[in-house]
Amino acid sequence: MAKLVECVPNFSEGRNKEVIDAIAEAISGTEGCSLLDVDPGASTNRTVYTFVGSPEAVVEGALSAARAAFPLVDMTKHSGEHPRTGAMDVCPFVPVQNATMDDCVQCANVFAQRLADMLHVPVYLYGEAARKDSRRNLPSVRAGEYEALPEKLKREEWVPDYGPATFVSSWGATVTGARKFLIAYNVNLISTKEQAHRIALDIREQGRGKDQPGLLKKVQGMGWYLEEANIAQVSTNILDYELTPLHTVYEEVCRDAEDLKLPVVGSQIVGLIPLKAVLDCADFYIQRDRLFVIEEEHKVRLVISKLGLDSLGPFNPKERIIEYMVEKSQEDRGLVSLSLQQFVCSVGARTAAPGGGSVSAAVAALGAALGAMVGQMTYGKKQFEKLDSVMRRLIPPFHRAASDLLAMVDADSNAFSSYMAALKMPKTTSDEMKRRDAAMQDGLKKAVGVPLSLAERVHLLWPCLKEMVLYGNIACKSDAQVAAKALETAVFGAYYNVVINLTDITDDSFKTATQKRASTLLQEAKENTAVILDAAEKRS
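The structure reproduced in this document is the subject of the present report. Bear in mind that the values here come from a model prediction, so they are computed numbers and not experimental data.

### Side note on empty space enclosed by the protein
Inference 1: Enumeration according to the criterion identifies one cavity of 30 Å³ or more in this entry.
Inference 2: Taken as a whole, the largest cavity holds about 40 Å³ of empty space.
Inference 3: Lining the largest cavity, in full, are Val374, Met468, Val469, Gly472, Asn473, Ile474, Lys477, Ala480 and Arg539.
Inference 4: When the residues that make up the lining of the largest cavity are grouped by side-chain class, the tally is five nonpolar, two polar and two charged.

The structure is reproduced here in structure tokens:
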């Protein structure tokens, strides 16, 4: 897969549609850039753009956006609720797919240099790209905002990282850098701006100062009033959603609001959000409230409902969750995105991949899905209500396995492709031959690793399928039988793929251990399938 970087420039214009559209057109018109989201705010007088592309493409897209904004955004006339220091206030680069933080730091530096050269404006680096600890934190760099810039630029400690230490009144300064995925998340209150800000001071990491730190790590916050919606908001930036999840912020605001007798009336995501952040939030409510929700779509709906994400406008997951947006923007989305007809034709084509490994993964995913289906056809039905707790326990492992095994359809094809790429490496000199041989061995081990992982993943399902065939809806007995044979067939396929790729591997200890494990998994698959089929035959 190609490297994919996200760029999220924030421009100090949220009211003039012509300007907002002109900047959007500049981004979408840049080759290699996919504009995913444009999120303007009238009260903040700010628009957040989100686009993705290769590291080189997103730098060009950001420069195109800046070039378009330069004659259109005038900071001398700007006012709004959101802190800002310039027309293109902040422009972070975020790793999305196969890209590293170092790639994004490089993007920030290249962008900063070229922006300074192009517009002759001061540019600061922050986040992972910061050259000084005092500039790692965005609020620190933005302290005093645009109005403080004329004096700030005269001070030695605030000399820009790129560009002149000159105040450009129409533009201000731009801050760029590299960071993890940031979630801009606001909780709605029927309150005053001051009450919302009081809660923000309680929860944000900075708190009220060094002597009064806040409750939540890696959370920035402030209170403001959203005139267009006639409500206040606790506005937050969640800098590390794995450390401080979305639901933690929401629940903490709710607790503080309850203490102040203030109603919480939903919340808002500004820009895009990672799927994992949504699913982590769903899992919290599922566990807390003892709910039974397994479908990804239903988990997303649960979060929208629990957090009131549609309180200020529609929340369309296909347009607000970054993985869904990236998937939609990519031309090559892998084998699993093909229709069944296309996949079969792809397997039958005159190419080495996809082959038996990908087919085995697809068959395994179908076997796991059938196991889940038998459970779903049992759960919630009046005649089987005594088995609801059993089905709640048995269905999720099949559901998770189906998803994991489906991912192996492409993983197997990609692993074999790395071996094929190694075969094409130059072999003229002895050094080139050594590098080629090492790459081939690495490729072969990867080609072995995927089918072996498939067999290991199926192995975890046998205990669940043994129970499912005993307790599942008797009308679905044949489906359980087909599930068993599909999973067994997949392990056979995995075994054959392991064996054929082991032939050319020169690491004898690796070969012996892998062969032994593959044989054990195959034998256990045969035995477990026989037990399941026998149990099915005894049910009537």
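### Examining the pairing of strand E9 (residues 219–226)
Remember that side chains alternate between the two faces of the sheet whenever the strand is regular.
Inference 1: For E9, a buried count of seven out of eight residues is recorded, marking the element as mostly surrounded by other parts of the structure.
Inference 2: As paired strands, E9 and strand E10 (residues 231–238) are joined by eight bridges and run antiparallel to one another. Among the inter-strand pairings, Val219 is bridged to a residue of E10, identified as Ile238.
Inference 3: Linking E9 to E10, which pair antiparallel, is a turn of four residues; within it Asn230 sits at a positive phi near 55°.

### Thoughts on the packing of aromatic side chains
Inference 1: Counted by the stated rule, this structure contains nine aromatic pairs.
Inference 2: Of the aromatic side chains, those joined through ring pairs into one cluster are Phe492, Tyr495 and Tyr496.
Inference 3: Positioned above the aromatic ring of Tyr324 is the side chain of Lys318, whose terminal nitrogen or guanidinium carbon lies 4.5 Å from the ring centre.

### A closer look at the sheet that holds strand E11 (residues 264–270)
Inference 1: Across the sheet, four strands lie side by side as E9-E10-E8-E11; this open sheet has antiparallel pairing. Edge positions in the sheet fall to E9 and E11, since each has one partner strand and no second. Shown here is a sheet whose adjacent strand axes are inclined to one another by a mean of 20°, direction ignored.
Inference 2: Note that strand E8 (residues 183–189) and E11 share five bridges and pair antiparallel. Bridge pairing in E11 places Leu189 opposite Val264.
Inference 3: Here helix H6 (residues 193–203) sits on the sheet and contacts E8, E9 and E10; the angle it forms with E9, its principal contact strand, is near 175°.

### Brief notes about H6
Inference 1: Ala196, Ile199, Ala200, Leu201 and Ile203 are the residues of H6 that are buried.
Inference 2: On its buried face, H6 sits against E8, E9, E10 and helix H7 (246–259).

### Section: the packing of helix H15 (residues 430–459) against helix H17 (residues 477–502)
Inference 1: Where H15 meets H17, the closest approach of the two axes is 9 Å, and the angle between their N-to-C directions is 160°. Considering their axes alone, H15 and H17 lie roughly antiparallel with respect to each other. The chirality of how H15 crosses H17 is left-handed. Contacts between H15 and H17 involve Leu444, Ala447, Val448, Pro451, Leu452, Leu454, Ala455 and Val458 on the former and, on the latter, Leu487, Ala490, Val491, Ala494, Asn497, Val498, Asn501 and Leu502.
Inference 2: Across the contact of H15 with H17, the residue classes break down as 14 nonpolar, two polar and no charged.

### Some points on the environment of Tyr285
Inference 1: Mapped onto the fold, Tyr285 is located in helix H8 (residues 275–289).
Inference 2: Sequence spacing of Tyr285 and Lys299 is 14 residues, and the spatial spacing of their C-alpha atoms is 9.6 Å.
Inference 3: In contact with Tyr285, other than residues within four places in its own chain, are His247, Tyr250, Glu251, Arg290, Leu291, Leu302, Lys306 and Leu307.

### With respect to the pattern of salt bridges
Inference 1: Here the structure, examined in full by the defined rule, presents 31 salt bridges.
Inference 2: When the shortest N-O distance is used, the salt bridge between Glu145 and Arg84 registers 3.3 Å. Within this pair, whereas Glu145 is found in helix H5 (residues 145–152), its partner Arg84 is found in the loop between helix H2 (55–69) and strand E5 (88–97), the two being separated by 61 residues in sequence.
Inference 3: Among the residues examined, Glu145 registers a relative accessible area of 26% and is labelled partly exposed.
Inference 4: For Arg84, a relative accessible area of 4% translates into the label buried.
Inference 5: Among the salt bridges present, the one from Lys276 reaches Asp280, with a minimum N-O distance of 2.8 Å.

### Looking at the environment of Ile474
Inference 1: Here Ile474 is to be found in the loop between helix H16 (462–471) and H17.
Inference 2: Note on Ile474: relative accessible area 33%, which makes it partly exposed.
Inference 3: It is 9.8 Å that separates the C-alpha atoms of Ile474 and Met377, two residues lying 97 residues apart in sequence.
Inference 4: Look past the residues within four positions of Ile474 in its chain and what remains in contact with it is Arg539 and Ser540.

Reading guide: rules and limits
Residues numbered from 1 in each chain as written. Predicted model: local features only at pLDDT ≥ 70, side-chain atom pairs only at ≥ 80, totals over all residues. Heavy atoms only, no water. 1 Å grid on protein atoms, 1.4 Å probe; cavity = no way out; pocket = protein on both sides within 12 Å on 5 of 7 lines; lining within 4 Å. Points joined across faces, edges and corners; volume = space filled by probe spheres on them. Nonpolar A, V, L, I, M, F, W, Y, C, P; charged D, E, K, R; others polar. Buried < 20%, exposed > 50% of the residue type's maximum accessible area, 1.4 Å probe, protein only. Helix = DSSP H or I, 4+ residues; strand = E, 2+ residues; numbered from the N terminus. Pairing = 2+ DSSP bridges. Phe/Tyr/Trp six-rings, centres within 6.5 Å; stacked < 30°, edge-to-face > 60°. Lys NZ or Arg CZ within 6 Å of the ring centre and 35° of its normal. Axes fitted to C-alpha atoms, helices over the stretch in contact; angles between N-to-C directions. Contact = heavy atoms within 4.5 Å. Parallel < 35°, antiparallel > 145°, perpendicular 65-115°, else oblique. Left-handed = near helix turned anticlockwise from the far one by under 90°. Salt bridge = Lys/Arg side-chain N within 4 Å of Asp/Glu carboxyl O.

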